[in-house]
Every structure is written in C-alpha cells, then in structure tokens.
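Residues per chain are reported as follows:
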Amino acid sequence: MRHRHPGRTAITAAVTALALTATACGGDEAADSGGPVTLTMSAWSLNSTPEFTKLAEAFHERNPDVEVEFKEYDATNYDTQLTADLAAGSGPDVFVLKNLKNFFTYQSGEQLLDVSDVAHGLGDGVNGLGDYEVDGVTYAVPYRQDSWYLYYNKDLFATAGVTPPDATWTWAQYERAVADLTAGLKAAGSPAKAAYQHVWQSTVQGLALAQTPGADLDSGDYGYLAPYYRRALAQQEAGAQVDYGTATTNTLQYQAQFGTQQAATMLMGSWYVATLIAQQKSGDAQSFQWGFAPAPQRDGGTGDKPVTFGDPTGLGINAAIDEGEVAAAKEFLAFVAGEGGATALASIGITPATLTEPVAQAYFAVQGVPADELSRFAFTTHDTRAENPVSPETAALQNILQETHSAIMSGSTPVDEALGRAGARARSEVLGSR
Amino acid sequence: MSTTTVGGPRETGPRGTGSHRTGTHRTGPRRAGSRGAGGDRGKRWHRSLQGVSFVLPNFLGFGLLTLGPVVALFYLSFTNWNVFGTARWVGLDNFTRLARDASFHRALLNTLYYSALHIPLTLALSLALALLLDRGLRGAAFFRTAAFFPYVTSIVAIAIAWNLLFSKDAGPVNQVLGLFGVDDPPGWTASSDWAMPAVILVGVWREMGYYMLLFLAGLQTVPPELHEAARIDGAGAWQRFRNVTLPCLRPTTFFVTVMLTIGSFKVFDLILVMTNGGPGQSTLVLSQYIYQKGLVENRFGYASAVSVVLFGLCMAVTAVQFAVNRRRED
C-alpha cells in the first residue's frame, strides 16, 4: 500500500496516540494483476456479526482467485479506530461505512476511490446508492439498507383485545392503539406496557425528519420535531411506555423490553429481526407470536409506499489501495451491492440494499422470520430516507439534536423551548461558522 | 584514575601541608591531574550513560506519546484540521470562536461547578476518614480497604451501579429519602438540576478512599511529641487538630489539592457513562466537549483549541496553588 503524505502521517500518528486506540497495523499483500489477490476489509465483532464472513465466503465461491481477509475493529469505536488507521496509511483495502454520519469525513478527506463505474453497473435497484454520490461521483456502494419498522407482539394484542396494525397506520391510529393497549393490558392483568421507546434520538427524530415535507437538518429550524416529541411525552406521561429517565438510569435494553414481552409494540430498525430470532432460539427472548409493520405514517397518503428512515451500510475502496488490487476490489463491491451479495445476506436474516423477489424469498425462508403478509410488505415496500443526510455539518448538528433529545425526554426543558434553543445553537455554533 | 584518587587525599591530608610535598605535587598532580581530568570526565561520562540508559526508555515513551502530541496540540489549535486533509493555519480563529461559543461556556461553567464542589468535599471527607481510621479503631484495616475499594473498581461498573441506585422510582436512594418524608424526590441523573450533584457525589465517593490513604501516610509524619506537648499545655482536640495536625499535614494537603484540582478539571469517564453530558448540556464538561468536537465531529483544530484552554486553566490554578503554598511556607 502506498503511504501518501509521510510528514502528515507522522503528525497524525503522534496526535491520535493521545486519544485514539489504534489497532495493530495489518500488512497488505501486493498482488500481481491477474494472479491471486488478497483483499483486506474492515469488520467488527466477527463472532456475533456474521454478515462480513458471509459476504466474503459467497464472493470467494464465485471468484476463487480473490480472498477477503478481515481487519477487526472495536464495534463501538469503529470510526475512530478506522480513521486512525487510514490517517496513518495502514487502513484496509476496502472499508465499511457504518452509517452516513462519517461518510463526508472520509470522502472529503480523499480516502475513498471513485467507484462510479461500479455504481453504473448496479442500476437503480439498490436502495441508498444515491447517498454516496457527491458532485456526480459515487464513492461507495451500499450492501445493507436497514429501515425502521413497528414491531408488535401478536399475543399481547390478542390479550388486550386490540386490532393489530395494518400497512396504512397513521400516527393517530397508532396513538389510539397504544391507548387501547394500555387499558386492555391493564384490564387483562398483564404487566406489559403498550410500547417501548428506546433512549436514542433516532426513535423520535429519524421518523420526523423522514416524514415531514420540507424538513431539513441543515436548515436550523427544528419545529418539525415538535409533534413527534409531544406524542412521545404524552405516551410517557400516560404510562403507556417506560419513561426516559427510567430507561437511561436502569440502562434498559430494547432487546429485553420487547423480547421478554414487556412491551406490545416497539419502533426499531430492521436489524432487530435477526436479533430476536437468535434470542428466541437461545432462550434470551421468550417464545411468542410477533410480526413487523411499516412505521406509522404522517397521513394515509403514503400507504402504497410507507416512508421510513435508516442509513445504508456501505463499502468503499481505500484510495491508497495497491493498483493491482483495484479491479478485484471493485468486483467485490459490485457483488456485495448486487443480487448475489443481497441473497447471501438475506439468507442470514439481514436486510440488504438490493430487494428483489429472489432476495425476499431468501429472507423469508429463514426460520423464524415472520411470514405474514404485513411483514412481507414492510420488508419489500418502503421509501427509506437517510437519517444522516450527507453534509459537512451533519455530525455537529446531530450532536446538538442529541442533547436536545435528552433535555426534552427527561422533562428538563419544554418542547418548544428546547427546539428553539437547538435552532439557535445550530445557527450560531455550526451553520454560522461555515 | 587511581592517581587522582590517591593523590588528592595526600595533598589535603594532615601531612600534606609542607612545601616539599606541595612542590612534589606541582609536577606530580599536574601530570596525574591531566590524566585525572580525563579519567574524571570518562567516569562522569560512564555514569551519565548509565543514568541515561535507565531513564531513556521512559523518556522515549514520554517524548513520543506525551511531549510530541502536546507540542502538536499547540500547533493544531491554530489550524483547521479534520485528520485527513492538510491542517490549514487559521491563526486565532479557533480561540475567537471559542469566546463566542455558548456550548463551550456551558462546558467551562459545568467544569468549574464540578470542581468547586468536588475538590473541597473530597478533601474534607478523605481527611476526616483518615483521621478516623488513624485512631487505631478495631477493624480499621477493613474500613481502610473498604474505603479504598471504589478507587480500584471499574468506573463503568461504578457508573452503572450508581445510576441504578439513583433511579427515580425504584432506586434505593429515593426510597431512603422517602423514609425521611421526601415526597417528591429528584430524578437525579435524569434531571437537569440534580444530575451534576449526583455525578459529584459519585466522584467524591469513588476518590476519597485514595486521598484518604495519602492523608493516612501524612498523619504518620506528625510527631507525637507535638501532640503530647500541646496536650500538656491544655490544648483540646480541636486546637491540637488545628494547630498541630493541620500544619504538619500541609505538604500532603498541598499535594492532594493539586492532584484533586487537575483531576476535577479533567473529569471525563464518569460523566460520559453516567449522564453522557445530559440531560441537555447540564453535565457537559470540557473534556467531553473536546471529545465531541475532536472524535465525533472530526474538528481536531477546534478540539485542540479547547484542550489548550483546559491546559492553561489547569496550569494557572496549579500555579496559584504553588504560589499560595510557598507564601504560607515563608
């Protein structure tokens, strides 16, 4: 691998040594063009995250001359550690873009190779592909595109005597159902709550940003979040869900809340399908009937293609990759974002970026995945908007909004006052300093 | 080398005062001296090498991992840098922006708030604990260990355990408060008013055992005769504590105060795990602000500027403490 800017690399290594936990540097095998190639790829938690191995094995089956080796990072500090490696010139040949928040840093920092040719070959059927395009150039391709669903416990709905969701639920219908569930579960003597809303800002802000026409993170106007926060606070005050303070101080896990039937509904990302299945198998979750529906909508007009949110998970090529490995790396990208990679991922319960009929069949063939029509509809039909629209200011704005979220949900600051402050801070601290 | 060693004492010895011997030494020591100087230098050089070889590994580590990054930090605070691109020199821009940055002001105030309560509380409680356990109570060793235990326990475990204790409805803290008739107990870490006091309480609880040990060591240096003399003079317990123990403990108190001050200004991990700076910005401190700007937002130039301010703050407060201490000693 070429080491560009050696002087800068030295400074970087020195500075990051203070705060970053650098992982061991892996060496690359230079490959002769045409001969066997070994690509290095970033990954995390290999023992509990089977997607990386699955993609590498599936690709190697089709391309026996190319092997993919992993460079494992800590899942929590993934971007920090990868950044340190890339800055020091020892990053892997291809690396995963865990979410869109840090894509701008890698792209503007010239760490990503132009993969527009791969993108053109993929066509329009890959969800989230456009998020990686800057000034007409594509810098990465998505291989999975998670989106948020409404998970529901069919048994608890039956216990409470409430009609389960359908594909066209609006927020108003959802609110009524939550109220009915609260009353019904109480009447039936069940200790379960109607809903569980996890402590992340995404649970409120992601859907508000995706579903509100004209909502823009970069605008500095966050009034669009108000109805979503009022709803969440009202449900909290009505005892329909565990309050934010309890969830944070008790470090509640959303998996346990839904998996042990303490909540009848839960808004969560599509990754939870595979988790719940695995936990039901291992006994960490109880055995019960469940399914997932589209997230409730702002109005009934989006019933044919419900709007939800989620960042794609992408794969990019290190700009400093050995030239002899570029062709193999691009082939790998084309595979993981295409139907081949998508089918491989779907067969282990992961939501790929490409959703074709064979992919859907592979997904619903996984034992334990709910096979009802509503779950199938939620999986195959949705309009997923980015949670972190690509912009130089996204990370800083999301920080402000994260603080705003805790201020509102803890009841420390009234909704309008907190959103007003967030806008003022965004304009003075971030947008005004452009 | 041996010539000098032998010749030296001869010259200054009781018998080496006559002119003859002096005359003998005029040539002898000169020759011997020329060899001796070289020998001296060689010996000194050898000893220096030995000394350097002992400190070199540590110094290399310090230079590479501490001094270098600190120097780089000062440079970077005058740049705009996102790790990958070239660090662009922006002069004092980062510092002028800091002066207008409301979040930085909040972080600074919160840091001062934390320090203003954490330092005196820890100082007082650790000293009180040390005085109590220095009296040879039965089971003192057990209590010393128990008090020190939180300091060696994982800070993440401590933070999670205390969060559970502080839980609004089911937490034992509020249940105990309920026993005392507190009808509307605070939400502690979920309350913007009570989150910082809660964090300070845990910080004090965690660290007082460590400083207690330092005070216990300091108490061993207090001469018992002074106490005895004071007692004979009719001094009561409080007078002996104020006029004998405290003055004798001054070096320890000074050290503890300096360490506590620096530690309080740099508090990070406890807050990160307990409240993550929230609710809102109610427990956001400077160290966390540096982390946010640097590692989350990739604004390393700006984060470096905040680090420089924190560095300056620590240096200034420590310098004042040194000056006050010196004046008291004089």
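Note that the structure is a prediction, hence the values are computed from the model and not measured. (Residues numbered from 1 in each chain as written. Chains lettered and ligands numbered in written order. Predicted model: local features only at pLDDT ≥ 70, side-chain atom pairs only at ≥ 80, totals over all residues. Heavy atoms only, no water.)

Visitor: Honestly, the overall build of chain B in this entry has me stumped. Any pointers?
Guide: Helix and strand counts for chain B stand at 14 helices and two strands. A separation of at least 24 residues holds for 67% of the contacts in chain B among residues at least 6 apart in sequence. When the accessible surface of chain B is split by element, carbon and sulfur atoms take 65% of a total near 18500 Å². (Helix = DSSP H or I, 4+ residues; strand = E, 2+ residues; numbered from the N terminus. Contact = heavy atoms within 4.5 Å. Areas by Shrake-Rupley, 256 points an atom, 1.4 Å probe, with all protein chains shown as cover.)

Visitor: Would you take a moment to explain the overall build of chain A for this structure?
Guide: Across its full length, chain A carries 18 helices and 13 strands. What you see for chain A is a C-alpha radius of gyration of 22 Å, in line with the 22 Å of a compact globule of 434 residues. In terms of overall dimensions, chain A has C-alpha extents of about 70 × 50 × 40 Å along its principal axes. Looking at chain A alone, contacts between residues at least 24 apart form 74% of all its contacts between residues at least 6 apart. Here chain A has roughly 16600 Å² of accessible surface; of this, 48% comes from carbon and sulfur atoms. For chain A, the separation between the mean place of its 25 positive charges and that of its 50 negative charges on side chains is 7 Å. (Rg over C-alpha atoms; globule rule 2.2 N^0.38 Å. Lys, Arg positive; Asp, Glu negative; His and termini not counted. Charge placed at Lys NZ, Arg CZ, Asp CG, Glu CD.)

Visitor: Just checking my understanding: could you explain the pattern of salt bridges for this structure?
Guide: Per the counting criterion, the structure on display carries 14 salt bridges over all chains. Residues Arg 231 of chain A and Glu 175 of chain A are paired through a salt bridge, measuring 3.6 Å at the closest nitrogen-oxygen approach. Residue Arg 231 of chain A is found in helix 9 (residues 226–237), and its partner Glu 175 of chain A is found in helix 7 (residues 171–187); the two are separated by 56 residues along the sequence. Among the residues examined, Glu 175 of chain A registers a relative accessible area of 35% and is labelled partly exposed. The residue Glu 228 of chain B makes a salt bridge to Arg 231 of chain B at a minimum N-O spacing of 3.3 Å. (Salt bridge = Lys/Arg side-chain N within 4 Å of Asp/Glu carboxyl O. Buried < 20%, exposed > 50% of the residue type's maximum accessible area, 1.4 Å probe, protein only.)

Visitor: Hey, could you run me through the pairing of strand 9 (residues 263–269) of chain A in this one?
Guide: Along any regular strand, the residues point their side chains to alternate faces of the sheet. Residue and element names in this part refer to chain A. Counting buried positions over the seven residues of strand 9 gives seven, a clear majority of the element. In terms of strand pairing, strand 7 (residues 148–153) meets strand 9 through five bridges, oriented antiparallel. Looking across to strand 9, one finds that Leu 150 is bridged to Leu 267. (Pairing = 2+ DSSP bridges.)

Visitor: Mind showing me how you'd approach the UniProt feature "domain: ABC transmembrane type-1" (unreviewed entry) in chain B here?
Guide: UniProt marks residues 108–321 of chain B with the feature "domain: ABC transmembrane type-1" (unreviewed entry), using the numbering shown here. With 74% helix and 0% strand, residues 108–321 of chain B has its two end C-alpha atoms placed 20 Å apart. (UniProt positions renumbered as here; feature names shortened; annotations may be inferred.)

Visitor: Explain the environment of Leu 55 of chain A here, please?
Guide: Residues and elements named next belong to chain A. Topologically, Leu 55 is positioned in helix 2 (residues 51–62). Put simply, Leu 55 and Ser 202 are 147 residues apart on the chain and 28 Å apart in space, counted from C-alpha to C-alpha. Excluding residues within four positions of it along the chain, Leu 55 makes contact with Tyr 143, Phe 332, Phe 335, Val 336, Gly 341 and Leu 345.

Visitor: What exactly am I supposed to notice about the side chain of Asn 174 of chain B here?
Guide: Residues and elements named next belong to chain B. As for its placement among the helices and strands, Asn 174 is situated in helix 7 (residues 172–179). The class for Asn 174 is buried, based on a relative accessible area of 5%. Of the polar contacts made by the side chain of Asn 174, one reaches the backbone oxygen of Pro 186; its length is 3.0 Å. Non-local contacts of Asn 174, meaning those with residues more than four positions away in its chain, are made with Ser 167, Lys 168, Pro 185, Pro 186 and Trp 188. (Polar contact = N/O pair within 3.5 Å; in protein donor to acceptor, adjacent residues only side chain to side chain.)

Visitor: Any chance you could explain the packing of helix 2 of chain A against helix 14 (residues 339–346) of chain A here in plain terms?
Guide: When two helices pack together, their arrangement is captured by the angle between the axes and the distance separating the axes. Residues and elements named next belong to chain A. Contact geometry for helix 2 and helix 14: axes closest at 9 Å, N-to-C directions at 135°. The angle between helix 2 and helix 14 falls in the class oblique. For the pair helix 2 and helix 14, the sense of crossing is right-handed. Along its contact with helix 2, which presents Glu 51, Lys 54, Leu 55, Ala 58 and Arg 62, the element helix 14 presents Gly 340, Gly 341, Ala 344 and Leu 345. The residue makeup of the contact of helix 2 with helix 14, split by class, is four nonpolar, two polar and three charged. (Axes fitted to C-alpha atoms, helices over the stretch in contact; angles between N-to-C directions. Parallel < 35°, antiparallel > 145°, perpendicular 65-115°, else oblique. Left-handed = near helix turned anticlockwise from the far one by under 90°. Nonpolar A, V, L, I, M, F, W, Y, C, P; charged D, E, K, R; others polar.)

Visitor: Explain the nonpolar core here, please?
Guide: Nonpolar side chains tend toward joint burial in soluble globular proteins. Core analysis: the largest hydrophobic core is formed by 84 residues, its most contacted members being Tyr 151, Tyr 222, Val 273, Trp 290 and Phe 292 of chain A. Contact partners of Trp 290 of chain A, with chain neighbours within four places excluded, come to Tyr 151, Tyr 152, Lys 154, Phe 258, Val 273, Leu 276, Ile 277, Gln 280, Gly 368 and Pro 370 of chain A. (Core = buried A, V, L, I, M, F, W, Y, C linked by side-chain atoms within 4.5 Å.)

Visitor: It is not clear to me how unusual backbone geometry should be interpreted in this structure. Could you clarify?
Guide: Most peptide bonds are trans, and most residues other than glycine sit at a negative phi. Each neighbour pair has its own omega, and for Gly 278 of chain B with Pro 279 of chain B the value is -5°, a cis peptide bond. Structurally, Pro 279 of chain B is set in the loop between helix 12 (269–274) and helix 13 (286–296). A positive phi is found at Ser 45 of chain A, a non-glycine position, where the angle reads about 40°. Tracing the chain through its elements places Ser 45 of chain A in the loop between strand 1 (37–44) and helix 2. Here the phi dihedral of Gln 261 of chain A falls at roughly 60°; this positive angle occurs in a residue that is not glycine. Here Gln 261 of chain A is to be found in the loop between helix 11 (254–259) and strand 9.

Visitor: Where do I start with the interface of chain B and chain A in this structure?
Guide: A common measure of how large an interface is: the accessible area buried when the components associate. Taken together, the contacts link 35 residues of chain B with 37 residues of chain A. Along the contact surface separating chain B from chain A lie nine residue pairs in polar contact (both at pLDDT 80 or more). Counting residues per element, the ones that place at least two in the side of chain B that touches chain A are helix 2 (19–76), helix 4 (102–133), helix 6 (155–165) and helix 13 of chain B. If one sorts the elements of the side of chain B that touches chain A by residue count, helix 2 of chain B sits on top with four residues. When the residues that make up the side of chain B that touches chain A are grouped by side-chain class, the tally is 15 nonpolar, 15 polar and five charged.

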